[in-house]
Amino acid sequence: MKIAILGGDGFVGWPTCLHLSEQGHEIHILDNLSRRWIDTELGVQSLTPMDSIQERCRIWHEVTGRRLNFHLIDLAKEYERLKSWLAEEKPDAVIHFAEQRAAPYSMKSDRHKVYTVNNNTNATHNLLAALVETGIDAHLLHLGTMGVYGYSSVGAAIPEGYLDVEVETLSGDKAKQEILYPTKPGSVYHMTKSLDQILFQFYAQNDGLRITDLHQGIVWGTHTDQTRRHEQLINRFDYDGDYGTVLNRFLIQAAIGHPLTVHGTGGQTRAFIHIQDSVRCIELALGDAPKSGERVRIFNQMTETHRVRDLAEMVAKKTGARVSYLPNPRKEAEENDLVVKNDKFLALGLDPITLQEGLLDEVVEVARKYAHRIDRSRVPAVSAWTRDLGARVERDPEGRALRTVS
Ligand SMILES: O=c1ccn([C@@H]2O[C@H](COP(=O)(O)OP(=O)(O)O[C@H]3O[C@H](CS(=O)(=O)O)[C@@H](O)[C@H](O)[C@H]3O)[C@@H](O)[C@H]2O)c(=O)[nH]1
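Residues numbered from 1 in each chain as written. Predicted model: local features only at pLDDT ≥ 70, side-chain atom pairs only at ≥ 80, totals over all residues. Heavy atoms only, no water.

### Details of the environment of Glu-398
The condition is simple: Only DSSP runs of H or I reaching four residues or more are called helices, and only runs of E reaching two or more are called strands; each is numbered from the N terminus. A simple rule labels every residue: compare its accessible area, found with a 1.4 Å probe on the protein chains alone, to the largest value its type can have, and call it buried under 20%, exposed over 50%, or partly exposed in between.
The topology assignment puts Glu-398 in the loop between β15 (393-395) and β16 (401-404). Its relative accessible area of 60% is what places Glu-398 among the exposed residues. Distance from Glu-398 to Arg-322, taken between C-alpha atoms, is 30 Å for residues 76 residues apart in sequence.

### What to know about the sheet that holds strand β11 (residues 269-274)
In a beta sheet, neighbouring strands pair by backbone hydrogen bonds and run either parallel or antiparallel. As a reminder, the rule being used: Two strands are said to pair when DSSP picks up at least two bridges between them. Between N-to-C directions, angles span 0 to 180 degrees; the directions come from axes that are lines fitted to C-alpha atoms, helices contributing only their stretch in contact. Contacts between residues were defined by any pair of non-hydrogen atoms, one from each residue, lying within 4.5 Å.
Read across the sheet, 3 strands follow the order β9-β11-β13 without closing on themselves; strand pairing throughout is mixed. Of all strands in the sheet, those bounded by a partner on one side alone are β9 (218-220) and β13 (304-307). Geometrically, the sheet is characterised by an average inter-axis angle of 45° between neighbouring strands, direction not taken into account. In the sheet, β9 pairs with β11 via 3 bridges, with the strands oriented parallel. From the neighbouring strand, Val-219 faces β11, where its bridge partner is Ile-273. Contacts from helix α9 (residues 275-286) reach β9 and β11 within the one sheet, and its direction differs from that of β11 by about 75°.

### Side note on the UniProt feature "domain: NAD-dependent epimerase/dehydratase" (unreviewed entry) in the protein
The line we're drawing: UniProt positions are given in the numbering used here, feature names are shortened, and annotations may be inferred rather than shown by experiment.
Residues annotated by UniProt as "domain: NAD-dependent epimerase/dehydratase" (unreviewed entry) correspond here to residues 3-293. When the span residues 3-293 is considered, its composition is 39% helix and 21% strand, and the gap between its end C-alpha atoms is 22 Å.

### Points about the pattern of salt bridges
Put simply, the rule is: Each reported salt bridge corresponds to a side-chain nitrogen of Lys or Arg within 4 Å of a carboxyl oxygen of Asp or Glu.
Per the stated rule, a full pass over the model turns up 33 salt bridges. One salt bridge in this structure joins Asp-9 and Arg-56, with 3.0 Å as the shortest N-O distance. Of this pair, Asp-9 sits in the loop between β1 (2-6) and α1 (13-22) while Arg-56 sits in helix α3 (residues 53-64), placing them 47 residues apart in sequence. With relative accessibility at 4%, the residue Asp-9 sits in the buried group. Accessibility expressed as a relative area gives 0% for Arg-56, which makes it buried. Here the residues in one salt-bridge network are Arg-35, Asp-39, Arg-101, Arg-236 and Asp-238, joined through shared partners.

### Quick word on the sheet that holds β1
Ordered in space as β3-β2-β1-β4-β5-β8-β12, the 7 strands form an open sheet in which the pairing is parallel. Every interior strand has two partners, whereas the edge strands, β3 (68-72) and β12 (297-301), have only one. Shown here is a sheet whose adjacent strand axes are inclined to one another by a mean of 20°, direction ignored. Sheet analysis places strand β5 (residues 139-145) next to strand β8 (residues 210-216), joined by 7 bridges and oriented parallel. Opposite Leu-141, over in β8, you have Thr-212 as the bridge partner. Each of β2 (26-31) and β3 is contacted by α3, which is oriented at about 170° to β3, the strand it contacts most.

### A look at the site of the ligand
Defined as follows: Residues are labelled near a given molecule or strand when at least one of their non-hydrogen atoms is within 4 Å of it. Pairing of N or O atoms within 3.5 Å defines a polar contact, subject to two protein rules: one partner must be a possible hydrogen donor and the other a possible acceptor, and residues neighboring in sequence count only if both atoms are side-chain atoms. The residue classification treats Ala, Val, Leu, Ile, Met, Phe, Trp, Tyr, Cys and Pro as nonpolar and Asp, Glu, Lys and Arg as charged. All others, Gly included, are polar.
In the region of the ligand, 23 residues are neighbours, and Arg-101, Tyr-151, Tyr-189, Thr-261 and Glu-332 sit closest. The contact in question runs from an oxygen atom of the ligand to an N or O atom on the backbone of Arg-101, over 2.7 Å. Between the ligand and His-263 there is a distance of 2.7 Å, counted from an oxygen atom to a side-chain nitrogen or oxygen. Those elements that provide at least two residues to the shell around the ligand are α7 (188-207), α8 (246-255) and β10 (260-263). When grouped by side-chain class, the residues that make up the shell around the ligand number 8 nonpolar, 10 polar and 5 charged.

### Describing the confidence of the model for the protein
Operational definition: Predictor confidence is given residue by residue as pLDDT, running from a minimum of 0 to a maximum of 100.
Summarising the model, the protein shows a mean pLDDT of 96, and 100% of its residues fall at 70 or more. Per the prediction output, this complex has pTM 0.97; the corresponding ipTM is 0.99.

### A short note on the packing of aromatic side chains
We count it as follows: For this analysis, a ring pair means two rings from Phe, Tyr or Trp (six-membered ring only for Trp) whose centres lie within 6.5 Å, classed as stacked if their planes differ by under 30 degrees, edge-to-face if by over 60, and tilted for the remaining angles. Charges are assigned to positions over rings by a cutoff of 6 Å between ring centre and Lys NZ or Arg CZ, combined with an angular limit of 35 degrees from the ring normal.
Enumeration according to the criterion identifies 5 aromatic pairs in this entry. Ring centres of Tyr-149 and Tyr-181 lie 5.3 Å apart, and the angle between their planes is 90°; on these two criteria the pair is classed as edge-to-face. Of the two residues, Tyr-149 sits in the loop between β5 and β6 (162-168) while Tyr-181 sits in the loop between β7 (174-180) and α7, which places them 32 residues apart along the sequence. For Tyr-149, a relative accessible area of 4% corresponds to the buried category. Among the aromatic residues, those joined into a ring-pair cluster are Tyr-105, Tyr-115 and Tyr-243. Here the basic side chain of Arg-35 rests over the ring of Tyr-243, its NZ or CZ set 3.6 Å away from the ring centre. Over the face of the ring belonging to Tyr-151 we find Arg-270, whose NZ or CZ atom lies 3.6 Å from the ring centre.

### Quick notes on helix α6 (residues 110-134)
We apply this condition: For a helix, the expected span equals 1.5 Å multiplied by the number of residues minus one.
Compared with the 36 Å implied by 1.5 Å per residue over 25 residues, the 35 Å span of α6 between its first and last C-alpha is a close match. If you check which residues of α6 are buried, you get His-112, Thr-116, Asn-119, Asn-120, Thr-121, Ala-123, Thr-124, Asn-126, Leu-127, Leu-128, Ala-130 and Leu-131. Of the residues one or two after α6, Gly-135 is the one with positive phi, at around 60°.

### Quick look at the packing of α8 against helix α12 (residues 359-369)
Put simply, the test is: Angular relationships are summarised with four words: roughly parallel below 35 degrees, roughly antiparallel beyond 145, roughly perpendicular across 65 to 115, and oblique for the angles in between. Crossing chirality is assigned from the near helix's rotation relative to the far helix, an anticlockwise turn below a right angle marking it left-handed and a clockwise turn marking it right-handed.
The geometry of α8 relative to α12 is characterised by a closest axis approach of 8 Å and an angle of 55° between their N-to-C directions. For the element pair α8 / α12, the angle class is oblique. Where α8 crosses over α12, the handedness of that crossing is right-handed. Note on element contacts: α12 touches α8 through Leu-360, Val-363, Val-364, Ala-367 and Arg-368, opposite Leu-247, Asn-248, Leu-251, Ile-252 and Ala-255. Its residues assigned to classes, the contact of α8 with α12 shows 8 nonpolar, 1 polar and 1 charged.

Take a look at the structure:
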């Protein structure tokens, strides 16, 4: 297949490009490199040293003989260029990762909220409008998030996208209805992914677009089979308080002797998936495209659930790190249970990688190897969800956020 990977320079995008290229697909990366610009804005860098996208593509060609084609394009701002590119290249599938993906970054300030909504919603809508206009009938796969559901399973497992409900009609009869599982986003970022769902529902029903939405959990790990093949194919690894995700953060904190930063009681239960399974799921979903006229196909892309404090205790036991319970900068339930259905990927043949399989050690090794690149002052999570929570952030004389205090 000819596949366009929008956001192919990012944390999940890059290993997906390599994975699908290795399988013989023709890969086109469309990216505005915004993730690299945000690193510059925040004054942080990936734990792992990343080359330019052009250099990464060159190395992949050297190692495998396969080509990755890179196109610098901003989907949210360059609608006409996107449309022309699609009309000319006519990809068979489009994988859409091109959104600002960090919840803390989206809550940092009003400017970051506005940027996240403008960027994410325009990117998705521009793509949908261009797919209709060019009439190319590509399968659109979108990376969504488990966070659209909120994190409470109220005693019943969260289904894969849809919920059957029974309503009372005006005549007093009972009628069955299928609805999108109600959204309850916990950040502006998660809210944009909830908006995406409605855009997809509309374009699937109105124009017959073939769409798959992957509701992914928190990704952990860094290497995949392909990124291991050459030092310069290495994936990015975020450790800072805005972009670092919880388990990877605990692992690098352990590697540099920083106390593990548990928010509140650490009672939040979340869904997780290893990066290798993430790329495998995308491959599986790609091979299972919906037909035109079908409702949006929704998968829960996760393999296990864990409570944050249990993860911290597990990492502490493994590495001897100290656990530190901090005031939570986020507005979220102190404790929640979470049960999630992931039957669809299991049925397609996913054999989940679990935390038990030794890959945690690999992440700690990567963190130790590149520990000299870590700026410890960027480790605390200080983006506050509300003004009240923001008042708990201690700042230095220049106004830089240092840490949260009770
Ligand atoms: O140092 C930390 C960092 C996080 N947390 C807690 O860990 C949980 C998860 O935080 P996270 O930063 O790992 O994950 P989140 O903000 O939800 O976002 C990440 O995971 C989402 C999947 S999910 O969480 O919605 O299932 C993806 O959509 C996002 O792109 C990705 O950045 C939260 O309760 C948070 O308060 C800590 O206790 N300590």
